[in-house]
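# Structural overview
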Amino acid sequence: MMVMVTWDDGVQCSQVSDGCTQDGTPLYLQELIEGLSNPNGSPYRFTFFTTQTATAYDVVENLYANGHEIAGHTVTHGNDQGAANTYFPNMNASNAEAEVAGQRDIILSQTNIRMRDIKGYRCPDLAAGEEYRKQLYKHNFTYDSSLGTIFHAGEPNSTENLPVWPYTLDWGGSSRTYSAGSPANGPLPMAYNGLWEIPLNPLLADGHDCGTIDTCRPELAMYPFAGMSQTEVAAGFQWNFQRAYTTNRAPLGIFLHTAWLKDAPAGSTTPGDQTRKGLRLFLESLAKYDDVWVVTPTQVLQWMQAQGKAAAAAATFSSSTNAGVSFPDPNTLFVPPTDRPKARCAANAYRPCQGGQRHLLLKTGEQIMSPSCVYWKTCNRLCPNNFPWIDDIRGDGPRVGPSYNPTCKNQYLTSADADTDADERHYRMQVQEWLTTEQDEWRDAASP
Ligand SMILES: [Zn+2]
């Protein structure tokens, strides 16, 4: 059985505890997976749905080089546009494109990550609408992970309530698809041939069913077992794991925010560590199985694809055990990527960039003559003019105008540096365009 652990929003060394390991893994993550490995010896790997806000790209580059999966979570997270759950479902096409494709472009321009390795996306607040999905499809993403699964009142292990496997949107959503968009649980998604969905199956509290859809919303799966002791947190994950492990073995998704790791017990005024310790206990328990794999969504999809189309279809909405389906050997699939480019700098040897705070302009519509500077970190040797944002994805807008604050300017060190940088970027964009075709073919082949 496969287990996925993912993290949403900005990525930095200092979100929970200060610092990163020498290979650029935030310490709070390293503590979770240290010494744990899959049956073939490959280390546990996480997935990061990243936004432009609060992301350190030197860390992202290092995480990627070490085999973690980097995915998209939009540029702005809706932070400047009012409530995310009304902004995202109502985006027009050009805005959606800037948010969805834009964040991937920013990652590509601020790191050495290959386009073909950014396959997935999650919409902030799970507020995915049709324009959002259209952009995923148009820009050759492989999977979305924003749709929830409806849990009916009643017996948690009944056929109608089992967690569902990832599925494609070839025929739109399923009868159990729950969309947190606006209106809540609105129309089912349209059909997108070959676009996969990694659904958010509800995580049920130990021994209890949710009772109603309101108490079992997929959003709640993203902040599970809050306020509980480490033993209870571990037991909660274990209960949900066993539910799938003893039935249809749908991959268990643990979809978190780093703030969850600091969850405080009820009534406490200081950050807690029980969720964090509980998750560690649970991951330790998984390492004892010889048929349990902690992998990324892309690895889950590769495994499903490798089963062949008939088996994938059988597994997708299977409500019983997968008897009779011949599964591929995970040892051949779950090997860490060895062909990725190395990180170009250590996570503490970044170049600090600064640019005008364009997003303030967008929010207020006012002309701010000297916008404050925004700082970010990258392994790039050179910085663009501005903080990359939805109206200036490369951040290389003109060095004049209301959003350009000369005091935020990052100088080219020498003209030779500037030439080299331009060549690098031009070359990389050519390669990325070529890879788009490859990614498209991968997705088409994945469709059952
Ligand atoms: Zn988010």
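Residues numbered from 1 in each chain as written. Predicted model: local features only at pLDDT ≥ 70, side-chain atom pairs only at ≥ 80, totals over all residues.

## Observations concerning the overall build of the protein
As a reminder, the rule being used: Runs of E in the DSSP output that reach at least two residues are strands. Runs of H or I that reach at least four are helices, and both are numbered from the N terminus. Counting other C-beta atoms within 10 Å of a residue's own tells you its class, since 20 or more makes it buried, 12 or fewer makes it exposed, and anything in between is partly exposed; those C-beta atoms are placed from the backbone. Residues are treated as contacting if the C-beta atoms built from their backbones sit within 7 Å of each other.
Of regular secondary structure, the protein possesses 11 helices and 13 strands. Every one of the 448 residues in the protein was classed for burial, and the buried ones make up 47%. For the protein, the share of sequence-separated contacts (at least 6 apart) that also reach a separation of at least 24 residues comes to 73%.

## Quick word on the nonpolar core
Rule in force here: Here, a nonpolar core means buried Ala, Val, Leu, Ile, Met, Phe, Trp, Tyr and Cys residues linked by C-beta atoms lying within 7 Å of one another. Per the annotation, domain bounds derive from an automatic or database assignment of domains.
Formed by 87 residues in total, the largest nonpolar core has its most connected members in Val3, Phe48, Val59, Val60, Ile70 and Tyr132. Here the element with the most residues in this core is helix H4 (residues 93–110); it accounts for 6 residues. There are two domains that each give this core at least three residues, and those are domain 1 (2–332) and domain 2 (351–410). The residues touching tyrosine 132, leaving out its near neighbours within four places in the chain, are Phe88, Met91, Ala96, Val100 and Cys123. Leu162, Val164, Trp165 and Tyr167 belong to the second-largest nonpolar core, a separate cluster that totals 5 residues.

## Section: the environment of serine 145
Take serine 145: it is sitting in the loop between strand E5 (143–144) and strand E6 (148–149). When the C-alpha positions of serine 145 and alanine 128 are compared, they lie 9.5 Å apart, and in sequence the two are 17 residues distant. Setting aside chain neighbours within four positions, we find serine 145 in contact with Gly120, Arg122, Ile198 and Pro297.

## So, the packing of H4 against helix H5 (residues 130–138)
To keep things clear, this is the line we draw: Fitted lines through C-alpha atoms serve as axes, helices being fitted only where they are in contact, and the angles separating the N-to-C directions of these axes extend from 0 to 180 degrees. Should an angle lie under 35 degrees it is considered roughly parallel, over 145 roughly antiparallel, and from 65 to 115 roughly perpendicular; all remaining angles are considered oblique. For a crossing to be left-handed, the near helix must be turned anticlockwise from the far one by less than a right angle; the clockwise case is right-handed. Each residue receives one of three labels: charged for Asp, Glu, Lys and Arg, nonpolar for Ala, Val, Leu, Ile, Met, Phe, Trp, Tyr, Cys and Pro, and polar for the others, Gly being one of them.
At a minimum axis separation of 9 Å, H4 and H5 run at an interaxial angle of 55°. By the angle class used here, H4 and H5 are oblique. Between H4 and H5 lies a crossing whose hand is right-handed. Residue-level contacts link Ala93, Ala96, Glu97, Val100 and Ala101 of H4 to Glu131, Tyr132, Gln135 and Leu136 of H5. Tallied by class, the residues present in the contact of H4 with H5 amount to 6 nonpolar, 1 polar and 2 charged.

## A look at the pairing of strand E3 (residues 69–72)
For the record, the criterion: A pair of strands counts as paired when DSSP detects no fewer than two bridges linking them. A clockwise course of the path from the first strand over the helix to the second, judged with the strands pointing away from the viewer, identifies a crossover as right-handed.
Across the two faces of E3 the burial is the same, with Glu69 and Ala71 and Ile70 and Gly72 all buried. Here 4 bridges tie strand E2 (residues 47–50) to E3, and the two strands are oriented parallel to one another. Bridging across to E3, threonine 50 finds its partner in glycine 72. This β-α-β element, E2 to helix H2 (residues 57–65) to E3, shows right-handed connectivity.

## So, the confidence of the model for the protein
Detail in the predicted coordinates should be disregarded across regions flagged by low pLDDT. Filter applied, for reference: Confidence scores here are pLDDT values: one per residue, from the predictor, ranging 0 to 100.
Per-residue confidence for the protein averages 79 on the pLDDT scale, and 74% of its residues sit at or above 70. Ignoring residues within four places in sequence, the model shows residues 316–323, a span with pLDDT below 50, making 17 contacts including any to other chains. Counting contacts from residues 411–415, a segment whose pLDDT is below 50, to residues more than four positions away or on other chains yields 3 contacts.

## Considerations on helix H8 (residues 297–306)
Burial of H8 is extensive: 8 of the 10 residues sit out of reach of the surface. Along H8, the residues that are buried comprise Pro297, Thr298, Gln299, Val300, Leu301, Trp303, Met304 and Gln305.

## Observations concerning H4
Using the following cut-off: A helix is expected to span 1.5 Å for every residue after the first. The reported bend at a residue is simply the angle between two axes, fitted to the 7 residues ending at it and to the 7 residues beginning with it.
Helix length check: H4 (18 residues) gives 25 Å between terminal C-alpha atoms against 26 Å at 1.5 Å per residue, within 8%. Where H4 bends most, the angle comes to about 40°, and this point is glycine 102. Most of H4 sits out of view: 13 of its 18 residues are buried.

## Looking at unusual backbone geometry
Its identity is not glycine, yet threonine 74 carries a phi of approximately 75°, on the positive side. Looking at the secondary structure, you find threonine 74 in the loop between E3 and helix H3 (84–87). Backbone geometry places aspartate 125, a non-glycine residue, at a positive phi of 55°. Considering the arrangement of structural elements, one finds aspartate 125 in the loop between strand E4 (120–121) and H5.

## Focus: the packing of helix H6 (residues 230–245) against helix H7 (residues 274–286)
The angle between the axes and the distance between the axes are what describe a pair of packed helices. Interhelical geometry of H6 versus H7 gives an angle of 45° and a closest axis separation of 7 Å. Considering the angle they form, H6 stands oblique to H7. Considering how the two elements wind past one another, H6 and H7 form a crossing that is right-handed. Within the contact between the two elements, H6 uses Gln230, Val233, Ala234, Phe237 and Gln238 and H7 uses Gln274, Thr275, Lys277, Gly278, Leu279, Leu281, Phe282 and Ser285.

## Thoughts on the environment of glutamate 69
Within the fold, glutamate 69 resides in strand E3. On the basis of neighbour count, glutamate 69 is assigned to the buried category, with 23 C-beta atoms found within 10 Å. Each C-alpha atom of the pair glutamate 69 and arginine 45 lies 7.6 Å from the other, and the pair is 24 residues apart in sequence. Apart from the residues within four sequence positions on either side, glutamate 69 is in contact with Arg45, Thr47, Thr296, Pro297 and Thr298.

## Observations regarding the environment of valine 60
Within the secondary structure, valine 60 is located in helix H2. Under the C-beta neighbour-count criterion, valine 60 is labelled buried, with 27 such atoms within 10 Å. Separated by 10 residues in sequence, valine 60 and threonine 50 have C-alpha atoms that sit 8.8 Å apart.

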